[in-house]
Amino acid sequence: MPPASTGASTLTVAASTQSSPVADTTGRLEPGRPGYRRMSFALFAAGVATFALLYSTQALLPAVSASFGATAGQASWTVSAATGALALCVLPLSALSERFGRRQMMTASLAIAVTVGLFVPFAPSLGTLIALRAVQGAALAGLPASAMAYLAEEVRPKALVAAIGLFVAGNSIGGMTGRILTGWIAQLWGWRAAVGAVGLLAVACAIVFHFMIPRARHFTPGTLNPKALAKTVGSHLANPLLRRLYAIGALFMTVFGAVYTVIGYRLVEAPFNLPQGIVGSIFLVYLVGTVSSAAAGRLVARLGRRGALYLAVSTTAAGLLLSLGDRLAAVLLGLVLITAGFFAGHAVASSSVSRTATTGRAQASALYQSAYYLGSSAGGTLGAVAFHAGGWAGTVALGLLAVLGVVSITLYGTRAARAERLRPAAVAPVQN
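All of the points below concern the structure found in this document.

**Here's the deal with the overall build of the protein**
- What the protein contains, in helices and strands, is 16 helices and 0 strands.
- When each of the 432 residues of the protein is scored for burial, the buried share is 56%.
- Contacts spanning at least 24 positions in sequence make up 84% of the contacts within the protein whose residues lie at least 6 apart.
- Accessible surface computed for the protein: about 17100 Å², of which carbon and sulfur atoms make up 68%.

**As for the packing of aromatic side chains**
- The final tally for this structure, using the stated rule, is 10 aromatic pairs.
- Their ring planes at 40° and their centres at 6.1 Å tell us that Tyr-265 and Phe-387 sit as a pair that is tilted. Of this pair, Tyr-265 sits in helix H12 (residues 240-268) while Phe-387 sits in helix H16 (residues 361-427), placing them 122 residues apart in sequence.
- According to the relative accessible area criterion, Tyr-265 is buried, its value standing at 7%.
- The exposure class of Phe-387 is buried, given its relative accessible area of 11%.
- Three or more aromatic residues joined by ring pairs form one cluster here, namely Phe-256, Tyr-260, Phe-283, Phe-342, Phe-343, Tyr-368, Tyr-372 and Tyr-373.
- For Arg-99, the ring lying beneath its charged end belongs to Phe-100, and the centroid distance is 5.4 Å.

**Things to note about unusual backbone geometry**
- In this chain, Ala-270 is followed by Pro-271 through a cis amide linkage whose omega measures 5°.
- Structurally, Pro-271 can be placed in the loop between H12 and helix H13 (276-281).
- Despite not being glycine, Asn-273 shows a phi value in the positive range, around 55°.

**So, helix H2 (residues 36-54)**
- With 19 residues, H2 should cover 27 Å at 1.5 Å per step; its first-to-last C-alpha distance of 27 Å lies within 8% of that length.
- Among the 19 residues that make up H2, 15 are buried, leaving the element largely enclosed by the rest of the structure.

**Some thoughts on the packing of H2 against helix H6 (residues 102-119)**
- Contact geometry for H2 and H6: axes closest at 11 Å, N-to-C directions at 40°. One way to sum up the angle between H2 and H6 is to call them oblique. Like other packed secondary-structure pairs, H2 and H6 cross with a definite hand, here left-handed. Residues Leu-43, Ala-46, Ala-49 and Leu-53 of H2 form the contact with H6, whose participating residues are Met-106, Leu-110, Ala-113 and Val-114.
- Classifying every residue of the contact of H2 with H6 by side-chain character gives 8 nonpolar, no polar and no charged.

**A short note on the environment of Leu-201**
- Relative to the helices and strands, Leu-201 resides in helix H10 (residues 191-212).
- Judged by its relative accessible area of 29%, Leu-201 falls in the partly exposed class.
- Those residues in contact with Leu-201 that sit more than four places away from it in its chain are Val-48 and Ala-52.

**Quick word on a nonpolar patch on the surface**
- A cluster of nonpolar side chains, namely Leu-118, Phe-119 and Leu-200, defines an oily patch on the protein surface of about 320 Å² accessible area.
- Checked against the element boundaries, Phe-119 lands in helix H6.

**Considering the side chain of Ser-109**
- Examined against the element boundaries, Ser-109 turns out to sit in helix H6.
- By relative accessible area, which is 4% here, Ser-109 ends up buried.
- In contact with Ser-109, not counting residues within four places along its chain, are Ala-139, Gly-142 and Leu-143.

**Some thoughts on the environment of Ala-295**
- Tracing the sequence through the fold places Ala-295 in helix H14 (residues 288-322).
- Between the C-alpha atom of Ala-295 and that of Phe-343, which follows or precedes it by 48 residues, the distance is 9.8 Å.

**A closer look at the pattern of salt bridges**
- This model, assessed by the stated rule, comprises 1 salt bridge.
- Among the ionic pairs, Arg-266 bridges to Asp-326, the shortest N-O distance being 3.6 Å. Pair noted here: Arg-266 is in helix H12 and Asp-326 is in the loop between H14 and helix H15 (328-356), with a separation of 60 residues, a long-range link.
- Owing to a relative accessible area of 56%, Asp-326 belongs among the exposed residues under this scheme.

About the criteria used
- Residues numbered from 1 in each chain as written.
- Predicted model: local features only at pLDDT ≥ 70, side-chain atom pairs only at ≥ 80, totals over all residues.
- Heavy atoms only, no water.
- Helix = DSSP H or I, 4+ residues; strand = E, 2+ residues; numbered from the N terminus.
- Buried < 20%, exposed > 50% of the residue type's maximum accessible area, 1.4 Å probe, protein only.
- Contact = heavy atoms within 4.5 Å.
- Areas by Shrake-Rupley, 256 points an atom, 1.4 Å probe, with all protein chains shown as cover.
- Phe/Tyr/Trp six-rings, centres within 6.5 Å; stacked < 30°, edge-to-face > 60°.
- Lys NZ or Arg CZ within 6 Å of the ring centre and 35° of its normal.
- Expected span 1.5 Å × (residues − 1).
- Axes fitted to C-alpha atoms, helices over the stretch in contact; angles between N-to-C directions.
- Parallel < 35°, antiparallel > 145°, perpendicular 65-115°, else oblique.
- Left-handed = near helix turned anticlockwise from the far one by under 90°.
- Nonpolar A, V, L, I, M, F, W, Y, C, P; charged D, E, K, R; others polar.
- Patch = residues over 30% accessible without salt bridge, like charges linked within 9 Å, V, L, I, M, F, W, Y side chains within 5 Å.
- Salt bridge = Lys/Arg side-chain N within 4 Å of Asp/Glu carboxyl O.

This is how it looks when you write it as structure tokens:
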């Protein structure tokens, strides 16, 4: 899983390898062969651009509020509109990539998102800014799933994990760098200059991607079949376990989106009174996700999937409660625990999706991404509304409510699994 980003990019790995023609591995890219380094660098650049653009305003919300005279809830829509549009467009754009090609979809997505990004600094009103961000999020939806499918089709299986790791690293660095860069630039020259700098960074990344990404050699165009797609999606939504996993992913991201959308407002106010640059640097805490997401596999091996989820949700809840303190050290430690718990829980839930779906894994993973980003959108907006109504305690209360939802779903799943294990014994015929 993406260690330090909003990270749903790795969710289609298993899906792509199943749905793509990978039986013949001759001529595919691998370390040491021509094109592999160019491909890796191109997708790294695409990952940086994607997540730098997607969350470019998150660290700037207090400045955006001041500029437009908006409340935290109103300004939060500059983030929620982007993530919400991405959530709604992931599934249809992933289907289009099956018809028109992964490389073409990635190129078009980046081109549109980068072009819109150049207009964002000149938005005359908050409504215009929100609309531009929504278009940007919709465009970016075409990149994550297409990138995973491209890698599965063009890279030899034994080199696939390493190639994906570089793309995920780009996601992480883009998400974190965008937030830190905007924080410091906004402190010096204002939020418009900050989002403009992210736009220029994305332009440079898009140019690198365009000239370095190798031509797809193993893509086989498919046909668009809305009925078949609807049937597959319907079968996934009818699966109780998948529904629970989607809900868990959305609820975890609700907590995370609420906390990181609102934390800037809290830290620029008393008793902390931190400058914008320092507030942006708070997002270095994302690096904690590198450790916790990487450890998720070991946690599952030791505690089981549900045990790992219980540990993740407990860590998140402890962080929320600790963040209520008025000492900066307590708030930072709380953010560390929230981040660690979120990434671990997200890694467990998302990896379980591909393992649970035996057919149509691409669609199963796309549905998880949709739920995940809808959770981000809802969390950002509701967290800001809660902050406006009840301060940081209101945001924490919303987070704890989402945490309670995860616990309830996991407990229900535990009881359902236990009942499933006991069912054969209960219906076994009596031997005479």
